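Topology and contacts: notes
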Amino acid sequence: MEDVIKLPATEERETGQKRGPELQFDPQEETVKRQRNAKALVVLGEEDSSVKLLEDLVFGAEDELVDRLVADQDEQGGTLLDDDDEDNDDDNESEVENEARLQLPSVRKSAWEDEDDELEEEVDMSHRFRRNLTKGEAESTMSKQKLQQRMKEQFQKAMGGTPSWAETKVKKKIKKKADDSDEDEDEDNNLLRKTGNFVASSESLPSGILRMKKCLHANNARPSDDRLSTVQFHPSAQVVLTAGLDQSISLFQVDGKTNPKIQSVHLERFPIHKAQFSVDGETVVATGLKNKMFYLYDMMEGRVVPVLAVRGLNESRVKEFCVSPEGDSLLLTGTRGFLHVLTLKTKEVVRSMKINGNVSDVAFSHDGSKVFAHSEEGEVYVWDVRSSRCLNKFVDDGCVKGTSIAASRNGQYLACGSQSGVVNVYSQKECLNSADPRPQKTIMNLLTPATSLAFNPYSEILAIASRAEDEAIRLVHLPSLTVFSNFPVSKKKIVYRTSCLDFSPHSGFFSLANNKGRAPLFRLLHYKDF
């Protein structure tokens, strides 16, 4: 047993007891007490063998415990490095899994399945709401699954692809990743991405397909109630003129979007056969169907002047005419082969010319010094205007009855139309010097009489048309003498029967007059100016 040290008992003081006198200090007794307390501390400091054995079993000996702690620290350091490697491996595996997840979108298992869905039910495709989904007459019926897929494809085609709101998150990530990579490639290959600064666009009109855009009708602000007989662009302003059997002359501003009306003039009991601007663009000349009288409309003063009689003109009616390029005279087509030159200043005939047979159409040369006249007998006459002398005469190749004629503004081409629809394109130089010129090209795209011919101002396009048939119009590329394949559009009627053709001063627009009282307007995208 352990020795127990008995501490001196504390003397309790009773409440209210007075403190007694202090004890006297005895050095010998104090020394004995200190020795006895020191022996007791030595006894308490000694460890029992059973306790030591327990500590050794739990913690080990002191040296072993230190060695174990050092070993644990080394092992712990190595484990941390191993954990980092395992984390990197996990990250790599997670990246691979993410890429695999992006490439293979997860397919959700349907929560509910119906056996009837597996049955392939055939749908009748002859219904008017489903006809546009078929690709041929053989698809009279179609399964529900195939019909659903076809409707999905049509929707995506109409939307220009799958809309963003219908894409899954995985597809959006793939698309974003592809866009980022494309941007990087574009930045690296900037030279390949842009060619505008290195390759200049060709100024010459290409053949094959004519780049054009259909605009709002030129007279959309005031369509005619009857057939239009004339459409013509102003020589200097962005204005177009229309006239027809509704006895009205209308002017419209051309912008391709709204084409607002500027002014409209009604001529009482005067169905207009032809109307044309003067060279300066200040006057409009209008002739009727059965009248000897014609009108001059002064646009600057807003005044309509009727010309009741012309001195020196022995004709029962004035119908066909042509304004000279010099702008000082009109060339009137008379009966029995007569051609009359009338001055606008004095309103009188100054000279006349006559051909054999009847005149079907006339055209001035680009400088106004010569006149080309096409007869109904198929002959072409070349006249000098100042001397009234016939310079040359030749037979239009293969023509039985002539219907129209036009000369290019650059003095290079002469086009002659016939009753059979054949249009011959000649060289003006050969027509002046040869008695039997051969056509450079014979255009046989029309099957009805070629009644209208028009060259564009740059002499790159020849427009040919017939008023005897709907959509009977073609545009010819003159440098290659080939017909543009994309006009008119075959699936939809927009032209109808054409009675007149014209190009704007810089070929930016092309318009025509048809029998529906409309003037379809087209923007020729190759040309930048009006």
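The rules behind the values
- Residues numbered from 1 in each chain as written.
- Predicted model: local features only at pLDDT ≥ 70, side-chain atom pairs only at ≥ 80, totals over all residues.
- Heavy atoms only, no water.
- pLDDT = per-residue confidence, 0-100.
- Contact = heavy atoms within 4.5 Å.
- Salt bridge = Lys/Arg side-chain N within 4 Å of Asp/Glu carboxyl O.
- Helix = DSSP H or I, 4+ residues; strand = E, 2+ residues; numbered from the N terminus.
- Buried < 20%, exposed > 50% of the residue type's maximum accessible area, 1.4 Å probe, protein only.

**Some remarks on the confidence of the model for the protein**
Counting all residues, the mean pLDDT for the protein is 81, and 71% of those residues have values of 70 or more. Note on residues 10-18: pLDDT under 50 across the span, and one contact to partners over four residues away in sequence or across chains. Predicted confidence for residues 187-201 stays below pLDDT 50, and this span has two contacts to residues more than four positions away or in other chains.

**Considering the pattern of salt bridges**
Under the definition given, this model contains eight salt bridges. Asp 470 is the salt-bridge partner of Lys 493, the closest N and O atoms lying 3.1 Å from each other. Placement of Lys 493 in the loop between strand S27 (482-483) and strand S28 (498-503) and of Asp 470 in the loop between strand S25 (461-465) and strand S26 (473-477) is noted, with a sequence separation of 23 residues between them. Overall, Lys 493 belongs to the partly exposed group, its relative accessible area being 45%.

**Side note on unusual backbone geometry**
With an omega of -5 degrees, the peptide bond between Phe 487 and Pro 488 qualifies as cis. With respect to the helices, strands and loops of the structure, Pro 488 is situated in the loop between S27 and S28. Even without being a glycine, Gln 247 presents a positive backbone phi close to 65 degrees. Here Gln 247 lies in the loop between strand S5 (239-244) and strand S6 (248-253). Even without being a glycine, Leu 481 presents a positive backbone phi close to 55 degrees. For Leu 481, the location among the structural elements is in the loop between S26 and S27.

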